[in-house]
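One-letter residues, chain by chain:
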Amino acid sequence: MTETHAHMTGGCLCGAMRFAARDVPAKLGVCHCPQCQTWTGSALFEVSVPESQVDWIGDTLTVYQCSDWAERAF
């Protein structure tokens, strides 16, 4: 059985967007590709949570396709 965190929250630094996620996996992934290194200044650490398990609070989230396989949001 995969270990999860029941509830996690977070948001952007300016406070315009917040999120609450349910059943967040305890396991994370790391990407070292040049695009992620440019975007974060280092490696990108991420967890994958199905969209149905995330509630967004605040402004409208805009998503754009940044490569053949990835999206970015702001």
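Residues numbered from 1 in each chain as written. Predicted model: local features only at pLDDT ≥ 70, side-chain atom pairs only at ≥ 80, totals over all residues. Heavy atoms only, no water.

Let's shift gears to the side chain of glutamine 53. Inspection of the secondary structure puts glutamine 53 in the loop between strand E4 (44-46) and strand E5 (54-58). A polar contact is formed between the side chain of glutamine 53 and the backbone oxygen of aspartate 23, at a distance of 3.4 Å. Apart from the residues within four sequence positions on either side, glutamine 53 is in contact with Ala20, Ala21, Arg22 and Asp23. (Helix = DSSP H or I, 4+ residues; strand = E, 2+ residues; numbered from the N terminus. Polar contact = N/O pair within 3.5 Å; in protein donor to acceptor, adjacent residues only side chain to side chain. Contact = heavy atoms within 4.5 Å.)

Let us now look at the layout of surface pockets. Considered as a void within the structure, the largest pocket measures approximately 1,400 Å³ in volume. For the largest pocket, the lining is made up of 34 residues, of which Trp39, Glu46, Val47, Trp56 and Ala73 are closest to its centre. Of all the secondary-structure elements, those providing two or more residues to the lining of the largest pocket are strand E1 (4-11), strand E2 (17-25), helix H1 (34-40), E4, E5 and strand E7 (71-73). The biggest single contributor to the lining of the largest pocket is E2, with five residues. For the lining of the largest pocket, the class distribution of residues is 26 nonpolar, four polar and four charged. (1 Å grid on protein atoms, 1.4 Å probe; cavity = no way out; pocket = protein on both sides within 12 Å on 5 of 7 lines; lining within 4 Å. Points joined across faces, edges and corners; volume = space filled by probe spheres on them. Nonpolar A, V, L, I, M, F, W, Y, C, P; charged D, E, K, R; others polar.)

Spatially, the three strands line up as an open sheet ordered E1-E2-E5, and their pairing is antiparallel. Unpaired on one side and paired on the other, E1 and E5 mark the two borders of the sheet. Geometrically, the sheet is characterised by an average inter-axis angle of 15° between neighbouring strands, direction not taken into account. Note that E2 and E5 share five bridges and pair antiparallel. (Pairing = 2+ DSSP bridges. Axes fitted to C-alpha atoms, helices over the stretch in contact; angles between N-to-C directions.)

Our next topic: a nonpolar patch on the surface. Residues Leu28, Val30, Phe45 and Val47 make up a contiguous nonpolar surface patch of about 370 Å² in total accessible area. Mapped onto the secondary structure, valine 30 falls in strand E3 (residues 29-31). Residue classification places valine 30 among the partly exposed residues on the basis of a relative accessible area of 40%. (Patch = residues over 30% accessible without salt bridge, like charges linked within 9 Å, V, L, I, M, F, W, Y side chains within 5 Å. Areas by Shrake-Rupley, 256 points an atom, 1.4 Å probe, with all protein chains shown as cover. Salt bridge = Lys/Arg side-chain N within 4 Å of Asp/Glu carboxyl O. Buried < 20%, exposed > 50% of the residue type's maximum accessible area, 1.4 Å probe, protein only.)

Scope: geometric values only; no functional claims are made or implied.
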